[in-house]
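Structural description and commentary
Single-letter residue listing:
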Amino acid sequence: MITKVLTVTDTTINDVAQEAANLLKAGQLVAIPTETVYGLAAQIYDDNAVKNIFKVKGRPQDNPIIVHISSLSMLQELVCDIPNVACDIIDKFWPGPLTIIFKKNKCISDIITCGMDTVAIRFPVHPVAQKIISYTGIPLAAPSANLSGKPSPTSASHCLHDLNGKIPLIVDGGTCDVGVESTVISVVSEKPTILRPGIISLEEIKEIVPEAVVSDSVLRAVRSDEKVESPGMKYKHYSPNCDVVLVDSDQEHFVEYVNKKAIDGDYAICFQEEYTLLDTPSLVYGSVIDAEEQAHNVFEVLRKIELMGAKRVYIHAPKQTGKALAVMNRLIRAAGFNVVTIDD
Ligand code: TXA
Ligand code: MG
């Protein structure tokens, strides 16, 4: 199959969205831009199309998929109940980079939810994503448009690298603003629980819902046989094809450690402030004080380091609070939980 890439501009947006919608209505898969990462979309009422998402990505059969909507009226048909706490979260954060887990309605197939009685719903704010969903007229099931286990795609070229020849169309809407996937919050658990941290942080959610908590699986390894609320947390994720060591320390100790340990073929991924202090070839993923910048760049640098042929990469760990928790959650998985902690 030839994979076409269509670029969105002010003048092409309607035609490109229409072409994407036509393919989706016909049961094809299309990679689409969102404000977080690119998604690999299929319309939710075509079981074969949804099955094809798992096949094309090599996705484990027990990892459910997020359903994307472009209006609140679409939400009504998909879920049994919209608890008050969900209404508050929706009022504040939708459309935007936040996914909510609800009890599902019968119309959602078990293929999407992997047999769970809940469904994850996201209302993206990206104008191209919204237009493609509304032209299709049906909600879209869409995981990130990468091969399973690889860093999520934040540009059309990342999608092409992973999916060339496997899908008919990639819609190029430029680089994703946010750069990490949406915050996932469950409103069916006892307390509203963040299952995957994103750019909308616990602190921001607590301003609306003070009782919200973060799942303890966010920064730890989950056993493959363990029953967890978010199956995605079980898998090794976001990994470049090399050894990854996540170094949790201050700047001085990071620089000292890498300069001592790194050999030929090793690289570092570091903060702007320490770049010139390292003897090892390095990529910067942002300022130490700017979690939004780190999130925007993290998947891009993980992909670059693999293309550069690194054998091993030392990554300076971000903070574990606020928006930086989302970056730490991705990097700890990219490192397969291989963390070196250096205290003062
Ligand atoms: O920003 C995003 O969320 C992107 C864009 C494309 O929208 N999508 C995305 O999808 O990251 P994916 O499949 O890569 O991640 C979905 C996460 C997984 O961790 C999955 O286990 C979880 O959401 N999930 C989906 N349905 C769920 C459910 N019913 N209950 C608990 N977790 C669920
Ligand atoms: Mg993913």
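Please read all numbers here as calculations on a predicted model, not as lab measurements. (Residues numbered from 1 in each chain as written. Chains lettered and ligands numbered in written order. Predicted model: local features only at pLDDT ≥ 70, side-chain atom pairs only at ≥ 80, totals over all residues. Heavy atoms only, no water.)

Before going further, it helps to spend a moment on the overall build of the chain. Helix and strand counts for the chain stand at 11 helices and 16 strands. For the chain, whose C-alpha radius of gyration is 20 Å, the value lies close to the compact-globule estimate of 20 Å for 344 residues. Based on the C-alpha atoms only, the size of the chain along its principal axes is roughly 60 × 50 × 40 Å. Looking at the chain as a whole, 56% of its 344 residues qualify as buried. When contacts within the chain are restricted to residue pairs at least 6 apart in sequence, those whose partners lie at least 24 apart make up 68%. Just so you have it, the chain exposes about 14400 Å², and 49% of that area is on carbon and sulfur atoms. Averaging the coordinates of the 32 positive side-chain charges in the chain and doing the same for the 43 negative ones gives two points 7 Å apart. (Helix = DSSP H or I, 4+ residues; strand = E, 2+ residues; numbered from the N terminus. Rg over C-alpha atoms; globule rule 2.2 N^0.38 Å. Buried < 20%, exposed > 50% of the residue type's maximum accessible area, 1.4 Å probe, protein only. Contact = heavy atoms within 4.5 Å. Areas by Shrake-Rupley, 256 points an atom, 1.4 Å probe, with all protein chains shown as cover. Lys, Arg positive; Asp, Glu negative; His and termini not counted. Charge placed at Lys NZ, Arg CZ, Asp CG, Glu CD.)

To continue, consider the site of ligand 1. Close to ligand 1 lie 25 residues, the nearest being T36, N63, H68, R122 and S182. Here an oxygen atom of ligand 1 and a side-chain polar atom of R59 are 2.8 Å apart. In this structure, T118 approaches ligand 1 through a side-chain N or O atom, which is 3.0 Å from a nitrogen atom. In isolation ligand 1 exposes 690 Å². Once the protein is present, 97% of that is buried. (Near = heavy atom within 4 Å. Polar contact = N/O pair within 3.5 Å; in protein donor to acceptor, adjacent residues only side chain to side chain.)

Strand order across the open sheet formed by 11 strands is β1-β8-β2-β3-β7-β4-β6-β5-β9-β10-β11, with mixed pairing between neighbours. What marks the edges here is a single partner per strand, and that holds for β1 (4-7) and β11 (213-214). Running over the sheet, helix α2 (residues 47-57) touches β3 (39-43) and β7 (140-141) and is turned about 155 degrees from β3. Along the sheet, helix α4 (residues 84-93) makes contact with β5 (98-103) and β9 (183-186), crossing β5 at roughly 160 degrees. (Pairing = 2+ DSSP bridges. Axes fitted to C-alpha atoms, helices over the stretch in contact; angles between N-to-C directions.)

This brings us to helix α1 (residues 13-25). For α1, built from 13 residues, the straight-helix expectation of 18 Å at 1.5 Å per residue is met to within 8% by its first-to-last C-alpha distance of 18 Å. Buried within α1 we find I13, V16, A17, A20, A21 and L24. Projected down its long axis, α1 shows its buried positions confined to an angular sector of 135 degrees, all on one face. Those residues of α1 hidden inside the fold are in contact with β1, β2 (30-32), β3, α6 (127-136), β7 and β8 (169-172). (Expected span 1.5 Å × (residues − 1). Arc of directions from axis to C-beta.)

These results come straight from atomic positions and should not be treated as a statement about function.
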